[in-house]
Amino acid sequence: MARLIKVLVVFSTVLSSLANGEGDPVSSFPGAELVTKSMEPAKSHMLVLGALEKVDRELRPENYKILAAKKSSYTYYLPEARQTKEVFEYYLDQLQSIGSLEFECRGRECGSSSYWANKIFKSAVLYGPEQFQSYAVFLTSSGWMTIYVGQRATRKIYARLDHYLLSEKVD
């Protein structure tokens, strides 16, 4: 029953934000502090759809798509969160109500957190021990959404939410 109430609250929040014309239909984790927000015009973006693998001594995603899309990015610091799993599940619950899960990894199966932070997201604040990271990709009616949650060595937890509004597929 408690899970049903939680889903209904999330669903009503999503519908409310869509009805008000707000950009991203996902609410931030309770107590979250917005660290950075960026909006990029329509251009080519790499959407990672697989874990990282080493090829010829270089890391790269085992699967990805190149999208022509507008991209909105939000990085949050979560001072009240104690576990990355709790934060990741919070966002998964919302995203599953508006889209279909296309890829998910947790912990070391995601690969190098340094690569995720510095190469994929270009945000060093997301770097931390591999066992405390999670990533998921969802296909929604408006495009793609990704969530990355990581904990730094200082135990501070950060979440990165990206929304790709599709214009057309490049590759």
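Before going further, it helps to examine the packing of aromatic side chains. Enumeration according to the criterion identifies nine aromatic pairs in this entry. Ring geometry for Tyr-77 and Tyr-158: centres 5.3 Å apart, planes at 40°, overall tilted. Here Tyr-158 lies in strand β8 (residues 157-169) and Tyr-77 lies in strand β4 (residues 64-77), a separation of 81 residues in the sequence. Exposure class is identical for Tyr-77 and Tyr-158. Each is buried.

Okay, helix α2 (residues 84-98) next. Between its terminal C-alpha atoms α2 stretches 22 Å, which fits the 21 Å expected from 15 residues at 1.5 Å a residue. Regarding α2, the residues found buried are Thr-84, Val-87, Phe-88, Tyr-90, Tyr-91, Leu-92, Asp-93, Gln-94 and Leu-95.

Our focus in this paragraph is the state of the cysteines. The tally for this structure, following the rule as stated, stands at one disulfide. Here Cys-105 engages in a disulfide with Cys-110; their sulfurs sit 2.2 Å apart. The S-S bond linking Cys-105 to Cys-110 shows a torsion near 110°; that makes this disulfide right-handed. The exposure class of Cys-105 is buried, given its relative accessible area of 2%.

Let us look at the nonpolar core. Nonpolar side chains in soluble globular proteins tend to be buried together. Counting residues in each nonpolar core, the largest one holds 23 residues, and the members touching the most others are Leu-47, Trp-116, Phe-121, Tyr-135, Val-137 and Trp-144. The set of elements that each furnish at least two residues to this core consists of β1 (33-48), β4, β5 (99-106), α3 (113-120), β6 (133-140), β7 (143-151) and β8. Apart from the residues lying within four places of it in its own chain, the contact partners of Phe-121 are Trp-116, Leu-126, Tyr-135, Tyr-148, Arg-160 and Asp-162. By size, the runner-up hydrophobic cluster in this structure holds 20 residues, among which are Tyr-74, Leu-78, Phe-88 and Tyr-90.

Okay, empty space enclosed by the protein next. Here the structure, examined in full by the defined rule, presents two cavities of 30 Å³ or more. Space inside the largest cavity adds up to approximately 50 Å³. Breaking the lining of the largest cavity down by element, the ones donating at least two residues are β1 and β8. By residue number, the principal contributor to the lining of the largest cavity is β1, which donates three residues. Here the residues of the lining of the largest cavity sort into seven nonpolar, one polar and two charged.

Per-residue pLDDT for the chain averages 84, and the proportion of residues at 70 or more is 83%. Every residue in residues 1-22 scores below 50 in pLDDT, and together they form 11 contacts with partners more than four places removed in sequence or on other chains.

Over the atoms, a rolled probe matching the size of one water molecule traces out where space is still vacant. Roughly 310 Å³ of volume is contained in the largest pocket. Lining the largest pocket are 18 residues, with Glu-40, Lys-71, Ile-120, Phe-121 and Arg-160 sitting closest to its centre. At the level of elements, β1, β4, α3 and β8 are the ones that each hand at least two residues to the lining of the largest pocket. Partitioned by chemical class, the residues of the lining of the largest pocket number five nonpolar, six polar and seven charged.

Moving on, we come to the pattern of salt bridges. If you walk through the whole model with that rule in mind, you get five salt bridges. Between Lys-43 and Glu-40 there is a salt bridge, with its nearest N and O atoms 3.3 Å apart. Using a relative accessible area of 42% as the deciding quantity, one classes Lys-43 as partly exposed. By relative accessible area, Glu-40 is classed as partly exposed at 25%. Across the salt bridge formed by Asp-162 and Lys-71, the nearest N and O atoms sit 4.0 Å from each other.

Analysis parameters
Residues numbered from 1 in each chain as written. Predicted model: local features only at pLDDT ≥ 70, side-chain atom pairs only at ≥ 80, totals over all residues. Heavy atoms only, no water. Phe/Tyr/Trp six-rings, centres within 6.5 Å; stacked < 30°, edge-to-face > 60°. Helix = DSSP H or I, 4+ residues; strand = E, 2+ residues; numbered from the N terminus. Buried < 20%, exposed > 50% of the residue type's maximum accessible area, 1.4 Å probe, protein only. Expected span 1.5 Å × (residues − 1). Disulfide = S-S within 2.5 Å. Core = buried A, V, L, I, M, F, W, Y, C linked by side-chain atoms within 4.5 Å. Contact = heavy atoms within 4.5 Å. 1 Å grid on protein atoms, 1.4 Å probe; cavity = no way out; pocket = protein on both sides within 12 Å on 5 of 7 lines; lining within 4 Å. Points joined across faces, edges and corners; volume = space filled by probe spheres on them. Nonpolar A, V, L, I, M, F, W, Y, C, P; charged D, E, K, R; others polar. pLDDT = per-residue confidence, 0-100. Salt bridge = Lys/Arg side-chain N within 4 Å of Asp/Glu carboxyl O.

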